Amino acid sequence: MSEPGKAWEEGGPERLYTVSRGRAPHEPRQRPVELVSLIVARAEPEPGMAPEAAAVLRMCPFPLSVAEISAYLVLPVSTVTVLLAELLRDGRVESRAPVPAAVLPDPELLQAVMHGLQKL
């Protein structure tokens, strides 16, 4: 814990504890979101909401991955997953699975189309 006369460290453990309200992330097999899960806001920030939660709602009108949210908030992924779990539980955000690799087009097909277009 920081000393009374000492300045608050932005990345210190006190801030992370405050943001997550002392809760720990779930076990990896129970996490509601993964690092590459896409998060979309379904509500507007409300007065009195935690600043980090309000920031997530403002930055996610379009899908952002958990990793991107973590980077924008300058918070560890474990803290962001705790924050997102609360927002998911309240229905303020929606979690979408990333696009599976099998759904993406074959790279060889894309190269063949690109070469065909270049010959035109």
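Note: the structure precedes this text.
Everything numeric here is computed off the predicted structure, so don't read it as measured data.

Quick word on a nonpolar patch on the surface
Where nonpolar side chains cluster on the molecular surface, the patch consists of L109, V113, L117 and L120 and spans about 460 Å² of accessible area. Secondary-structure assignment places L120 in the segment after α5 (107-119).

Focus on the pairing of strand β1 (residues 38-41)
Here β1 runs beside strand β2 (residues 64-65); their pairing, made up of 2 bridges, is antiparallel. If you follow L38 over to β2, its bridge partner there is S65. Bridge analysis of β1 against strand β3 (residues 93-96) gives 4 bridges, and the strand direction is antiparallel. Along β3, the bridge assignment pairs V40 with E94.

With respect to the sheet that holds β3
Strand order in the open sheet made by the 3 strands is β2-β1-β3, with antiparallel pairing throughout. Either end of the sheet is taken by a strand with one partner, and the two such strands are β2 and β3. Helix α4 (residues 77-89) rests against β1 and β3 of the sheet, and its axis sits at about 110° to β3.

Quick word on the pattern of salt bridges
In a structure, side chains of opposite charge can pair up when their charged atoms sit close to one another. For the coordinates displayed, the defined rule picks out 4 salt bridges. Across the pair E94 and R42 runs a salt bridge whose closest N-O atoms are separated by 2.9 Å. Of this pair, E94 sits in strand β3 while R42 is found in the loop between β1 and α2 (51-59), placing the two residues 52 residues apart along the sequence. Its relative accessible area of 31% is what places E94 among the partly exposed residues. Note that R96 and E94 form a salt bridge whose closest N and O atoms lie 3.4 Å from each other. Through salt bridges with shared partners, a single ionic network connects R42, E94 and R96.

Parameters at a glance
Residues numbered from 1 in each chain as written. Predicted model: local features only at pLDDT ≥ 70, side-chain atom pairs only at ≥ 80, totals over all residues. Heavy atoms only, no water. Patch = residues over 30% accessible without salt bridge, like charges linked within 9 Å, V, L, I, M, F, W, Y side chains within 5 Å. Areas by Shrake-Rupley, 256 points an atom, 1.4 Å probe, with all protein chains shown as cover. Salt bridge = Lys/Arg side-chain N within 4 Å of Asp/Glu carboxyl O. Helix = DSSP H or I, 4+ residues; strand = E, 2+ residues; numbered from the N terminus. Pairing = 2+ DSSP bridges. Contact = heavy atoms within 4.5 Å. Axes fitted to C-alpha atoms, helices over the stretch in contact; angles between N-to-C directions. Buried < 20%, exposed > 50% of the residue type's maximum accessible area, 1.4 Å probe, protein only.

Geometry only, nothing functional implied.
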